[in-house]
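# Structure assessment
Each chain, written out:
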Amino acid sequence: MAFHHLTLEERYQIYAFRKADFSIRQISEHLGRAPSTISRELRRNINRRGYRPKMAHGLARKRGRQARCRRRIQAHQWRGIKRLLEQQWSPQQIARRAQREGTLRISHTWIYRYIACERAAGGQLWRHLRHSGLRRKRYHNQGKRKRHLRFR
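Here the structure is a predicted model, which means the values were calculated and not measured.

Quick notes on the rules
- Residues numbered from 1 in each chain as written.
- Predicted model: local features only at pLDDT ≥ 70, side-chain atom pairs only at ≥ 80, totals over all residues.
- Heavy atoms only, no water.
- Helix = DSSP H or I, 4+ residues; strand = E, 2+ residues; numbered from the N terminus.
- Buried < 20%, exposed > 50% of the residue type's maximum accessible area, 1.4 Å probe, protein only.
- Areas by Shrake-Rupley, 256 points an atom, 1.4 Å probe, with all protein chains shown as cover.
- Axes fitted to C-alpha atoms, helices over the stretch in contact; angles between N-to-C directions.
- Parallel < 35°, antiparallel > 145°, perpendicular 65-115°, else oblique.
- Contact = heavy atoms within 4.5 Å.
- Nonpolar A, V, L, I, M, F, W, Y, C, P; charged D, E, K, R; others polar.
- Salt bridge = Lys/Arg side-chain N within 4 Å of Asp/Glu carboxyl O.
- Phe/Tyr/Trp six-rings, centres within 6.5 Å; stacked < 30°, edge-to-face > 60°.
- Lys NZ or Arg CZ within 6 Å of the ring centre and 35° of its normal.
- Expected span 1.5 Å × (residues − 1).

## Details of the overall build of the protein chain
If you tally the helices and strands in the protein chain, you get eight helices and two strands. Listing each helix as α and each strand as β along the protein chain from the N terminus yields α-α-α-β-β-α-α-α-α-α. Every one of the 152 residues in the protein chain was classed for burial, and the buried ones make up 24%. Put simply, the protein chain shows about 12,900 Å² of open surface, and 49% of that area lies on carbon and sulfur atoms.

Here it is, written out as structure tokens:
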């Protein structure tokens, strides 16, 4: 089942069911939604006057717009990051320096993601990293992987 946001009509139904003293589980059964969805909707959008569907819909749309408005890294900033990577700086060092100078707020994870995307596109920037990545030890299914020699 695909995820989709609550509609304004569903919010009006939640409002009507709450006025009729339906429980969250009963509302979720009527709307075909998870009880956690209804609970989260009420918790996020209730104020002193109670739950108002039109106001709740506006707040939800505003939160959705804000989530997509994160700062994008400009091309000239990536060029500076590339230059530092080519000088054998680690992504952690680059992120800390940019934060200390106040020029850019970027995490080392973003830098690693950018390098991974560039590598998938055929770029060579990944060769300037000090390490090729963490070796992850497998902790599960160790019994199945061990092979025992049997002497006859």
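## Quick notes on the packing of helix α5 (residues 75-86) against helix α7 (residues 108-120)
Remark: α5 packs on α7, axes separated minimally by 12 Å, with the N-to-C direction vectors making an angle of 85 degrees. As the angle between them shows, α5 and α7 are arranged roughly perpendicular. Of α7, the residues touching α5 (which contributes Trp78, Ile81, Lys82 and Leu85) are Trp110, Ile111, Tyr114 and Ile115. Residues that form the contact of α5 with α7 fall into these classes: seven nonpolar, no polar and one charged.

## Points about unusual backbone geometry
A positive phi angle, close to 60 degrees, is found at Asp21, a residue other than glycine. Along the chain, the position of Asp21 falls in the loop between α1 (8-19) and α2 (24-31). Despite not being glycine, Gln88 shows a phi value in the positive range, around 70 degrees. Along the polypeptide, Gln88 turns up in the loop between α5 and α6 (91-101).

## Details of the pattern of salt bridges
Working definition: two side chains of opposite charge can pair if their charged atoms are close together. Counted by the stated rule, this structure contains three salt bridges. With its nearest N and O atoms 2.9 Å apart, the salt bridge here joins Arg33 to Glu10. Of the two residues, Arg33 is situated in the loop between α2 and α3 (35-45) and Glu10 in helix α1; the sequence distance between them amounts to 23 residues. You'll find Arg33 and Glu10 in the same group, each marked buried. Where Arg97 meets Glu101, a salt bridge forms, and the shortest distance between an N and an O atom there is 2.9 Å. Of this pair, Arg97 and Glu101 both sit in helix α6, four residues apart, roughly one helical turn.

## Section: the packing of aromatic side chains
One pass over the full model with this rule turns up two aromatic pairs. Look at Phe17 and Phe22: their rings are 4.9 Å apart centre to centre, the planes differ by 45 degrees, and that puts the pair in the tilted class. Look at Phe22 and you get partly exposed, because its relative accessible area is 25%. Ring centres of Trp78 and Tyr114 lie 3.9 Å apart, and the angle between their planes is 10 degrees; this geometry places the pair in the stacked category. Highlighted residues: Trp78 in helix α5 and Tyr114 in helix α7, separated in sequence by 36 residues. Relative accessible area serves as the criterion here: at 11%, Trp78 is assigned to the buried category. The residue whose ring lies beneath Arg119 is Trp126, and the NZ or CZ to ring-centre distance is 3.8 Å.

## Focus: α7
Taking 1.5 Å per residue, 13 residues should reach 18 Å; α7 reaches 19 Å between its end C-alpha atoms and fits that length. Looking at the packing, one finds that the buried side of α7 touches α5 and α6. Positive backbone phi, at 100 degrees, marks Gly122, one or two positions downstream of α7.

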